[in-house]
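An overview of the molecular structure
One-letter residues, chain by chain:
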Amino acid sequence: AQSVTQPDARVTVSEGASLQLRCKYSYSGTPYLFWYVQYPRQGLQLLLKYYSGDPVVQGVNGFEAEFIKSNSSFHLRKASVHWSDSAVYFCAVYCGGSNYKLTFGKGTLLTVTP
Amino acid sequence: EAAVTQSPRNKVTVTGGNVTLSCRQTNSHNYMYWYRQDTGHGLRLIHYSYGAGNLQIGDVPDGYKATRTTQEDFFLLLELASPSQTSLYFCASSEGWGGYEQYFGPGTRLTVL
């Protein structure tokens, strides 16, 4: 069965610093991979999505993620964070076929300090 | 305008109570979903639907019923609410299954006393 692991429940970074949020999945093929963000008191919003092509995919608000098949990873990055990036970030995977569903990781709470 | 709306935004009920959560989407999407979000579990799929009158079971369906009355409207029913159903509930819609972006509502916080 497909699964997603976000090993860091909480990450704190200073404003202006770079960011990496980790995501690993379990699936032998190439899945659809997503990063969603949840701002306080809101629903989830899509940041970026990958299925094929350039393994570095650009998203909204300066976020990007890199698909590394050999490592089964899809880490989210940003060069310089802003206080408004404080939110919960979810990695999700869809593997297709009879395994129909979108599986979400448990989320990483990002806090950006001044 | 918000394309996925949920009501109520907050609900408190007692154990054994009857609760209906409502979701409406104006995206003209065929697929709609109900999730619950709990600390330490992320989002878990309760039920989903790919059209009016259709209902599919998700990963955590026990204690929940759902009904899709129109393309726009999807309801989640808790007929005998229990404290374990205290959670944040999200509705979402998508154009297709799996690899398509899901659009989420703002959530309903349900407390069962």
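Residues numbered from 1 in each chain as written. Chains lettered and ligands numbered in written order. Predicted model: local features only at pLDDT ≥ 70, side-chain atom pairs only at ≥ 80, totals over all residues. Heavy atoms only, no water.

What follows concerns the environment of Val13(A). All names here are of chain A. Tracing the backbone through its elements, the reader meets Val13 in strand β2 (residues 10-14). A residue is classified by how much of its surface remains accessible, and Val13, at 14% relative accessible area, is buried. The sequence separation of Val13 and Val81 amounts to 68 residues, and the corresponding C-alpha distance is 8.0 Å. (Helix = DSSP H or I, 4+ residues; strand = E, 2+ residues; numbered from the N terminus. Buried < 20%, exposed > 50% of the residue type's maximum accessible area, 1.4 Å probe, protein only.)

Let us look at the interface of chain B and chain A. Facing the 22 residues of chain B at the interface are 18 residues of chain A. Along the contact surface separating chain B from chain A lie zero salt bridges. Viewed at the interface, chain A and chain B are joined by four residue pairs in polar contact (both at pLDDT 80 or more). Listed by contribution, the elements that provide at least two residues to the side of chain B that touches chain A are β4 (31-38), β5 (42-49) and β9 (87-94) of chain B. Of the residues in the side of chain B that touches chain A, the class split is 11 nonpolar, eight polar and three charged. (Contact = heavy atoms within 4.5 Å. Salt bridge = Lys/Arg side-chain N within 4 Å of Asp/Glu carboxyl O. Polar contact = N/O pair within 3.5 Å; in protein donor to acceptor, adjacent residues only side chain to side chain. Nonpolar A, V, L, I, M, F, W, Y, C, P; charged D, E, K, R; others polar.)

To continue, consider the pairing of strand β8 (residues 64-68) of chain A. Residue and element names in this part refer to chain A. Only one face of β8 is buried, namely the one carrying Ala65 and Phe67, since none of Glu64, Glu66 and Ile68 on the opposite face is buried. Both strand β7 (residues 56-58) and β8 contribute to a ladder of three bridges, which runs antiparallel. Across the sheet, residue Val56 finds its bridge partner in β8, namely Glu66. Count of turn residues in the β7/β8 antiparallel hairpin: five residues, of which Asn61 carries a positive phi of about 55°. Bridging between β8 and strand β9 (residues 73-78) involves five bridges; their strand directions are antiparallel. Bridge pairing in β9 links Glu66 to His75. The turn joining β8 and β9, which pair antiparallel and follow one another in sequence, is formed by four residues; a positive phi near 50° is taken by Ser72. (Pairing = 2+ DSSP bridges.)

Another point: the packing of aromatic side chains. Following the criterion strictly, the structure yields 22 aromatic pairs over all chains and no others. For the pair Tyr64(B) and Tyr89(B), a centre-to-centre distance of 5.9 Å together with 65° between the ring planes defines the contact as edge-to-face. In this pair, Tyr64(B) sits in the loop between β6 (56-57) and β7 (65-68) while Tyr89(B) sits in strand β9, placing the two residues 25 residues apart along the sequence. In this structure, Tyr64(B) and Tyr89(B) share a single accessibility class: buried. An aromatic cluster is present here, built from Phe34(A), Tyr36(A), Phe90(A), Phe104(A), Tyr31(B), Tyr33(B), Tyr35(B), Tyr48(B), Tyr50(B), Phe90(B), Trp97(B) and Phe104(B) joined pairwise through their rings. Across from the ring centre of Tyr100(B), 5.9 Å away, lies the NZ or CZ of Lys49(A), which sits over that ring. (Phe/Tyr/Trp six-rings, centres within 6.5 Å; stacked < 30°, edge-to-face > 60°. Lys NZ or Arg CZ within 6 Å of the ring centre and 35° of its normal.)

Residue and element names in this part refer to chain B. Following the criterion strictly, the structure yields two disulfides over all chains and no others. Covalently, Cys23 is tied to Cys91 through a disulfide, its sulfur atoms 1.9 Å apart. Between Cys23 and Cys91 the sulfur-sulfur dihedral comes to about -75°; the bridge is accordingly left-handed. Here Cys91 lies in strand β9 and Cys23 lies in strand β3 (residues 19-25), a separation of 68 residues in the sequence. For the pair shown, Cys23 and Cys91 are each scored as buried. (Disulfide = S-S within 2.5 Å.)

Looking now at the pairing of strand β10 (residues 87-94) of chain A. Residue and element names in this part refer to chain A. The buried fraction of β10 is high, at seven of eight residues. Two elements, strand β5 (residues 32-38) and β10, share seven bridges in a ladder whose sense is antiparallel. When the sheet's bridge partners are listed, Gln38 is paired in β10 with Val88. Bridge analysis of β10 against strand β12 (residues 108-113) gives three bridges, and the strand direction is antiparallel. Considered in β12, the bridge of Val88 is made with Leu109. Note: β10 against strand β11 (residues 103-104), two bridges, orientation antiparallel.

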